[in-house]
Amino acid sequence: MSRYYQTQPKPHRVNIAQPDTDPPVGTMGAIDTAGYAECRFDIALSGQGIQSLKLVLLFYNSRCGGWFAGAEYEFSSAGQFAVSARTRGATVFLMIKEFTGTAFELSADYAMS
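Scope of this entry: the structure provided in the associated data block. The shown structure was predicted, so the numbers you read here are calculated from the model rather than taken from an experiment.

**Concerning the environment of R13**
And then number 1: Relative to the helices and strands, R13 is located in strand β1 (residues 10–16).
And then number 2: Overall, the relative accessible area of 8% leaves R13 in the buried class.
And then number 3: In the structure, R13 is positioned 17 residues away from A30 in sequence and 9.6 Å away in space, judged by C-alpha atoms.
And then number 4: Residue contacts for R13: discarding those within four places in its chain leaves D20, F93, L94, M95, I96, L106, S107 and A108.
And then number 5: Here the side chain of R13 touches D20 through a polar contact of 2.8 Å, side chain to side chain.

**Details of the packing of aromatic side chains**
And then number 1: The tally for this structure, following the rule as stated, stands at four aromatic pairs.
And then number 2: Ring geometry for Y60 and W67: centres 5.0 Å apart, planes at 65 degrees, overall edge-to-face.
And then number 3: Taking relative accessible area as the criterion, Y60 reaches 24% and is therefore assigned partly exposed.
And then number 4: Geometrically, the ring pair formed by W67 and F93 is tilted, given 6.2 Å between the ring centres and 55 degrees between the ring planes. With a gap of 26 residues between them, W67 in strand β5 (residues 66–75) and F93 in strand β7 (residues 91–100) connect regions that are remote in the sequence.
And then number 5: Members of the aromatic cluster, connected to one another through ring pairs, are Y60, W67 and F93.

Definitions and limits used
- Residues numbered from 1 in each chain as written.
- Predicted model: local features only at pLDDT ≥ 70, side-chain atom pairs only at ≥ 80, totals over all residues.
- Heavy atoms only, no water.
- Helix = DSSP H or I, 4+ residues; strand = E, 2+ residues; numbered from the N terminus.
- Buried < 20%, exposed > 50% of the residue type's maximum accessible area, 1.4 Å probe, protein only.
- Contact = heavy atoms within 4.5 Å.
- Polar contact = N/O pair within 3.5 Å; in protein donor to acceptor, adjacent residues only side chain to side chain.
- Phe/Tyr/Trp six-rings, centres within 6.5 Å; stacked < 30°, edge-to-face > 60°.

Rendered as structure tokens:
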């Protein structure tokens, strides 16, 4: 019999209203998924005139001291979305890569399993 563990949702990005200009410096604000295989992001997106909002999941490489781009996600309307990524214990960060439209506000919680 296998066991399935899941953490309670926690905030990752809160009330963000503009794209990120660069990846974070170091791992401040990142999610350490050590001991877990997957990370689910619950994304709340609101705004006006949303045509495209692109997110990219970044993975931190401690040997290189930098971030590497993983999966990309794109949304074309406001709503509540869940995306899941196999992180396998990595340190990750959900970066807002690009926005086309009038205005947006994004919050993202995460839960690991």
